[in-house]
Amino acid sequence: MAKAIWLALLACSLLGGCIETRFESPLGDNIETCDTAWKGLWFAEDDDGERADGEKHVMGLNVDEACALTLFEQPEGGGPLEHTRIPINFVHANGNDYVVVADSALRALGNIPPPYDIDPTPAKSYFFAKYRIRGDRLELRNVDSTKAARLVIDGKLDGTVAKGRNELHVYIRGGRQQMLDAVRRNDLFETKAMNVFKRSRQSLQDFERSLQKAATTESRR
């Protein structure tokens, strides 16, 4: 669900290199489909890049009143936004907040491969991220796969580790309660939030209209 997660998954599919940690089960039993604090339009705090055509890169996420999360991106300067709906879930446990995303929910982004070298292939696996919202700032901490791999190698977590050139695949085995215990007892997540989003005061519809207006003005010059 985090920007790093979906970009990493696309890299796995398209480029062949991948660093990822997947979990066999969701994170506990008390899973919610909505956290109202997420509602609104969000842009990556450091997303000031440009595409090859020189236009500003436009990318973010929107959570509507029904708590549906949509990723959006403007692939061409002056063009319409492309929308991708991604179902996500939330878990609040031990004073922390987590996002849970099934790999099957990410297939709208592209060809998401099954967990690496796991036989039989599971119908689903899951990605976790820890988050914190302070005012209009959303911080997401993804699982640190190097930490997760070490915990598996040291026997502190049940799972598998497969490492190759430019690749690290970690798969954590266990049921829902074991997943909850895994995040409670171990330091699994990034120390520093690598994905930070800032909430916009605009709605997604108003933002799209502003893009259209800017494109129309530019075309008349």
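All values reported here derive from a predicted model rather than from experimental measurement.

Chemist: Is there a simple way to think about the nonpolar core in this case?
Modeler: Soluble globular proteins tend to bury their nonpolar side chains together. Counting 24 residues, the largest nonpolar core has Phe23, Leu27, Phe128 and Leu188 as the members making the most contacts within it. If you list the elements that add at least two residues to this core, you get β7 (89–93), β8 (96–102), β9 (126–134), α2 (145–153), β12 (167–172) and α3 (176–185). Listed in part, the 22 residues of the second largest apolar core include Leu61, Ile86, Val99 and Tyr131.

Chemist: Is there a simple way to explain unusual backbone geometry in this structure?
Modeler: Among all residues save glycine, negative phi is the norm, and among peptide bonds the norm is trans. For the bond from Asp119 to Pro120, the omega torsion is 0 degrees, close enough to zero to count as cis. Of note, Pro120 is situated in the loop between β8 and β9. The phi angle at Cys67 is positive, at roughly 70 degrees, despite the residue not being glycine. Position of Cys67 relative to the elements: it lies in the loop between β4 (59–63) and β5 (69–73). Within the chain, Asn166 stands out as a residue other than glycine whose phi angle is a positive 60 degrees. Relative to the assigned elements, Asn166 resides in the loop between β11 (159–164) and β12.

Chemist: Quick question: what am I supposed to make of the packing of aromatic side chains here?
Modeler: One pair of aromatic rings is described through two measures. These are the centre distance and the angle between the planes. Scanning the entire structure with this criterion turns up 8 aromatic pairs. Here Tyr98 and Phe189 contribute two aromatic rings whose centre-to-centre distance is 5.7 Å and whose plane-to-plane angle is 40 degrees, an arrangement assigned as tilted. On the criterion of sequence distance, the pair formed by Tyr98 in strand β8 and Phe189 in the loop between α3 and β13 (195–200) is long-range, its members being 91 residues apart. Taking the relative accessible area as the measure of exposure, Tyr98 reaches 1% and is therefore buried. Joined through ring pairs, the aromatic side chains of Trp38, Phe90 and Tyr131 make up one cluster.

Chemist: Whenever I open this one, the state of the cysteines confuses me. Can you help?
Modeler: Here is the idea: a disulfide is a covalent bond, and it sits between the sulfur atoms of two cysteines. Applying the stated criterion to the full structure yields 1 disulfide. Two residues, Cys34 and Cys67, share a disulfide whose sulfurs are 1.8 Å apart. When the S-S torsion is 50 degrees, as for the bridge of Cys34 with Cys67, the disulfide is right-handed. Of this pair, Cys34 sits in the loop between β2 (31–32) and β3 (40–44) while Cys67 sits in the loop between β4 and β5; the two residues are 33 residues apart in sequence, bridging distant segments of the chain.

Parameters at a glance
- Counting of residues starts from 1 at the beginning of each chain's written sequence and follows it residue by residue.
- Per-residue local features are limited, in this predicted model, to residues with pLDDT of at least 70; the limit for side-chain atom pairs, both in listing and counting, is 80 or more; totals at the level of whole chains, interfaces and linings are taken over all residues.
- With hydrogens and water excluded, all non-hydrogen atoms of the structure serve as input to the side-chain values.
- What we call a nonpolar core is a set of buried Ala, Val, Leu, Ile, Met, Phe, Trp, Tyr and Cys residues that are connected through their side-chain atoms within 4.5 Å.
- Residue exposure (1.4 Å probe, protein chains only): buried if accessible area is under 20% of the type maximum, exposed if over 50%, otherwise partly exposed.
- The numbering of helices and of strands both runs from the N terminus, where a helix is a DSSP run of H or I of at least 4 residues and a strand a run of E of at least 2.
- In this scheme Phe, Tyr and Trp rings, the latter by its six-membered ring, pair at centre separations within 6.5 Å, and the angle between planes marks the pair as stacked below 30 degrees, edge-to-face above 60, and tilted otherwise.
- Pairs of cysteine sulfur atoms within 2.5 Å are identified as disulfides in what follows.

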